[in-house]
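# Fold and contact review
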Amino acid sequence: MRALVVGGTGFVGSAVVRAFAERGIDVVSLSRSGGAFAGEGVRADVRAHDLGLERADAEALSSSVTHVVSCFGSVDWGAGPRLASELHHAGTRAVLRFAESCPGIQRVVHLSSVLVLGRACGRITDELELGQAFRNWYEYGKYLAEREVRGNDRLPWRTVRVGPVLGPGRDVPPTASDGMLAVVPFLLRGYPIHLADHGRFPCYPCDAATAGEVLVRAALEPGASETWTWFDDAEPTLAEVLTGLCGAWGVVPRIVDLAVLAPFGRAAIERLGAPRELLDYADPWADIATQVLKMLPGDLPRCPPGYVEATGEALRRSALTRGAA
Amino acid sequence: MTARRSIDTAPHPDLRWYSTGNFAEVAPARWSVMSWSLVGDPAERGLRAFTARLMPNARWATGTHYVFVGYFACRPYHNLSALCQIAHELPGPDDEDVTRAYFEGVPPPDRELGRHCSAVQRLLAVPRMAREFHRLRGRLAALEADVAICEEDFTTALQSGWGLALGRAAERALRVVDEASDLHYSTSGSLVPAGAVQRKVGERLLPRWGELEPLVNRPRELPWSRLFDAVGGPELEESRFLAAPFYEAADAFEPWTTYSRAFQPHAPHELGGRGPKQEEVADVVWQMYRGVRRVGIEQLSRAVGDTMQAREESKALMMRCLHLFRRALPALAGEAGVDGDGWAYLRIRELLSPVRRPQLEQLVAARRREVDEALTEDMPDELFAPRPADAGGPPRRRAVRQERTPSGVSPGVVAGMVATLDTAPAGSERNGDGPVILVCESADAGIQSLLPHVAGLITLRGSMLSHIATLAREFGVPTVVNHPLAETLRAGQHVVLNGSTGEVEVIA
């Protein structure tokens, strides 16, 4: 058994690599840097032909790999359409194509996001194509990538949807440069932020290290052509997550509900410096049925208590937010 | 350089830069005299009519010289100086917008008229342009009906063998050709200022407008995909214009066959929307934005998309009209006493005019000599015609060399194996070979049936509004045009192309 982790030096990918290594499974980490926190590291680029591998390397790899976990990609919510088409869509297609070239392939796991649901209405389990609108190109890119995987009938695939991935990170610390964490520096400055219903709606977060475990289980569990949706079963609300993140500085985020004045408030908050793309998440997110967790194997690990606060602590130690505080 | 031939048009004395532009991308390299009279003359009249409607005071666009097109040594040209002058007198576009849209990004010529146009004069064109947009759909619908009637007329006349009926059908068809040409060049001309305004508004309202523009400027309907349905099925004679070369009516005769050898698709026609399932990306874009951002740019983009669609439809109608003449010209020539391919050396008015008929055979013989000589002349893509007085003799022309600037016209990144038109792909994922990237010089409608089967496209010729660019966006095929590598790439090589940035990388 040999596992290939595409994006193995990323926030989630590094956790997946660790989880494979701790099980004693031979693991290869593909990344642009070529590094590895465990096992073998190979320099590659999902945007290049044959993942940017030399033909001999590609052939050697494809002849030995039995499991592929794809967790590359950017979570930059402010990126443009090229992120969607070139990185997420074309990159996923390249990974699938490589997996198809592996004669011993047993499972391909694709890391997706609950944000593929965009602004979809109604209670959702594992549906994808709902005619939904998208808030940004990250969501659309992840949607295209998941559609690419689910449309593949030549591979034993499994997709795993997760929400915002938090946690202190063992090998790779969290950063406040993109994704949900990008709002933290703004909140630490004491500026108010508008959230509908004061942010009392679920945002489906999870812990990175635990997510790594879940992805490895998704690779090893029998069965295929399934979509798992996994998140913290305590279902913390967005307000609780933001409060937990800012707790490391002893700051309580100023969350307001401007109701009908929200459009004006949004414009004012944007002028104060809040990342525009984050303001799109001020309304309740897609309504994911809780029973999706019961559809997963019963012995999956749960997110450890205090991982949100630990994320804030890790951020506080990073140079990026120290100045903002 | 010899004295001017009778088949050549006289170069304009003031507007002296010529460029093949879109003609070189989709039309044969040399045209017969007949085809020039069926396409070039209506193009001149159409552009004059468009200019007169938008800029009634533009007297430079009148007179006895050809202003907007030229025909030198059997090669058709656009007058780049004149088209840039239009851009100068409209609000929004500049010369670069014209060359980027239709002339492969060649450097624009210096302004030659010295005519000043105030901001007020430019603004006065705005309501006139709005009227053009408003009338577009109605004119197109009427034109479609006229073309259908012409097809019926020609079919009836050809079956009856009655020369008078054939002549009357041809006269009627010529008026329809003029209207089709007027509409085509009106839409082409309108797209440049509309695109310039859209870009300025887009850059102000939306971040990364450059990345969004090719996504939102797609026609909502796919005119080239449903043409067989519109015309009546591939088995009908009227539909065969889709498999015939664009712009050449005498393609059955040498030397025009050589120049207009259209690509004959290896794959069966699979049209009518059977292309790969494409996300309606434009809708994704609109739903991503709200308020003024969305309304402003969505309305502008829909106007641009509709105009693009009208442009393609009017081009198709022009080609349908040309195909009518392709079918009827041998019979018309027989009525005029012209044998064989002699009609290809005559202008349509010469063939239809009874006054000239006794002299036609001599005229054909003289034209053959001129054409034979003209075809030995190497004609470059760009021409500059000095004033006759400056040159001290007949007009001389010189080539202007340019480096090709690749342009991504249909977004997306794809890696795959090169196939050429001689090695037609049977599918975008051939067994073991991976995605196929088609490399060719340019394309006409014949390439359309291949597009659902290819993953990417690289062409030597082309601009943002080229025929192939429009087709590629319709089918969602990542495409780079005007790329010099298209000359050297060979079947079997592996490349990565980026339809957003225009980059092409050879892997192996």
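What you see is a predicted model; the values in this text were computed from it and never measured. (Residues numbered from 1 in each chain as written. Chains lettered and ligands numbered in written order. Predicted model: local features only at pLDDT ≥ 70, side-chain atom pairs only at ≥ 80, totals over all residues. Heavy atoms only, no water.)

## Some thoughts on the confidence of the model for chain B
All names here are of chain B.
- Overall, the predicted model of chain B reaches an average pLDDT of 80, with 83% of residues at or above 70.
- Per-element confidence in chain B is highest for helix α2 (residues 33-54), whose mean pLDDT is 93, and lowest for strand β8 (residues 429-430), whose mean pLDDT is 46.
- Across residues 426-431 the pLDDT falls below 50, and counting only partners more than four positions away or on other chains, this stretch makes 15 contacts in the model.
- Model confidence for the complex is summarised by a pTM of 0.78, with the ipTM given as 0.79. (pLDDT = per-residue confidence, 0-100. Helix = DSSP H or I, 4+ residues; strand = E, 2+ residues; numbered from the N terminus. Contact = heavy atoms within 4.5 Å.)

## As for empty space enclosed by the protein
- Counted by the stated rule, this structure contains eight cavities of 30 Å³ or more.
- The space that makes up the largest cavity amounts to roughly 340 Å³.
- In this structure, the largest cavity is lined by 25 residues; those nearest its centre are L83, Y102, Y185, S188 and G189 of chain B.
- Listed by contribution, the elements that provide at least two residues to the lining of the largest cavity are α1 (22-26), α2, α3 (80-88), α4 (95-102), α6 (163-205) and α11 (291-336) of chain B.
- A total of six residues in the lining of the largest cavity trace back to one element, the largest contributor, which is α6 of chain B.
- Classifying every residue of the lining of the largest cavity gives 16 nonpolar, six polar and three charged.
- Of the volumes computed, that of the second largest cavity is approximately 120 Å³.
- Considering the residues around the second largest cavity, the lining is formed by 13 residues, among which V183, L195, L238, L278 and Y281 of chain A are closest to the centre.
- Listing elements by their share of the lining of the second largest cavity, those giving two or more residues are β9 (192-194), α7 (238-246) and α9 (276-279) of chain A.
- Residues of the lining of the second largest cavity, tallied by class, amount to twelve nonpolar, one polar and no charged. (1 Å grid on protein atoms, 1.4 Å probe; cavity = no way out; pocket = protein on both sides within 12 Å on 5 of 7 lines; lining within 4 Å. Points joined across faces, edges and corners; volume = space filled by probe spheres on them. Nonpolar A, V, L, I, M, F, W, Y, C, P; charged D, E, K, R; others polar.)

## A short note on the packing of aromatic side chains
All names here are of chain B.
- A full pass over the atoms with the stated rule returns 20 aromatic pairs over all chains.
- Measuring from centroid to centroid gives 6.2 Å for W256 and Y345, while their planes differ by 55°, and the two rings are tilted. Here W256 is found in helix α9 (residues 256-259), whereas its partner Y345 is found in the loop between α11 and α12 (348-352), with 89 residues between them in sequence.
- Of the residues examined, W256 reaches a relative accessible area of 0% and is grouped as buried.
- In textbook terms, an aromatic cluster arises when at least three aromatic residues are bridged by ring pairs, as seen for W31, W36, Y66, Y71, F246 and Y247. (Phe/Tyr/Trp six-rings, centres within 6.5 Å; stacked < 30°, edge-to-face > 60°. Buried < 20%, exposed > 50% of the residue type's maximum accessible area, 1.4 Å probe, protein only.)

## Observations regarding helix α2 (residues 55-64) of chain A
Residues and elements named next belong to chain A.
- Taken together, the buried positions of α2 are occupied by A58, L61 and S62. Relative to the axis of α2, the buried residues are bounded by an arc of 95° and lie together on one face. Residues of α2 that are exposed and angled more than 90 degrees away from the buried face: A56 and S63.
- As for α2, its buried residues are in contact with β1 (2-6), β2 (26-31) and α3 (81-100). (Arc of directions from axis to C-beta.)

## Considerations on the pattern of salt bridges
- Applying the stated criterion to the full structure yields 47 salt bridges over all chains.
- Two residues, D287 of chain A and R123 of chain A, come together in a salt bridge whose shortest N-O distance is 3.3 Å. Highlighted residues: D287 of chain A in strand β13 (residues 287-288) and R123 of chain A in strand β6 (residues 123-124), separated in sequence by 164 residues.
- Among the ionic pairs, R461 of chain B bridges to D381 of chain B, the shortest N-O distance being 3.0 Å. Of the two residues, R461 of chain B sits in the loop between β10 (456-459) and α15 (467-475) while D381 of chain B sits in the loop between α13 (360-374) and β4 (382-384), which places them 80 residues apart along the sequence.
- Each of R53, E132, R139, E179 and D182 of chain B takes part in one network of salt bridges that share partners. (Salt bridge = Lys/Arg side-chain N within 4 Å of Asp/Glu carboxyl O.)

## Notes on the sheet that holds strand β5 (residues 107-113) of chain A
All names here are of chain A.
- Sheet architecture is open: seven strands sit in the order β3-β2-β1-β4-β5-β7-β11, paired in parallel fashion. Where the open sheet ends on each side, the last strands, each with one partner, are β3 (40-43) and β11 (226-230). Along the sheet, successive strands turn relative to each other by an average axial angle of 20°, direction set aside.
- Here helix α1 (residues 13-22) sits on the sheet in contact with β1, β2 and β4 (67-70), set at roughly 170° to β1. (Pairing = 2+ DSSP bridges. Axes fitted to C-alpha atoms, helices over the stretch in contact; angles between N-to-C directions.)

## Observations regarding the interface of chain A and chain B
- Each side of the interface is counted separately: chain A has 25 residues, and chain B has 28 residues.
- Interface area, chain A with chain B, both sides summed: about 2,200 Å², of which 52% is carbon and sulfur.
- Ranking the residues of chain A by area buried against chain B places H49, R82 and W137 of chain A at the top, with a combined share of 27%.
- Scanning the region where chain A abuts chain B turns up zero salt bridges.
- The interface formed by chain A and chain B includes two residue pairs in polar contact (both at pLDDT 80 or more).
- Of all the secondary structure elements, the ones that give two or more residues to the side of chain A that touches chain B are α3 and α4 (137-150) of chain A.
- The dominant element in the side of chain A that touches chain B, judged by the number of residues it contributes, is α3 of chain A, at six residues.
- Among the residues forming the side of chain A that touches chain B, the class breakdown is eight nonpolar, six polar and eleven charged. (Buried area = accessible area lost by both parts, 1.4 Å probe. Polar contact = N/O pair within 3.5 Å; in protein donor to acceptor, adjacent residues only side chain to side chain.)

## What to know about the environment of E235 of chain A
Residues and elements named next belong to chain A.
- Tracing the backbone shows E235 in the loop between β11 and α7.
- The spatial distance from the C-alpha of E235 to the C-alpha of I288 is 11 Å, given a sequence separation of 53 residues.
- A distance of 3.2 Å separates the side chain of E235 from the side chain of T290, its partner in a polar contact.

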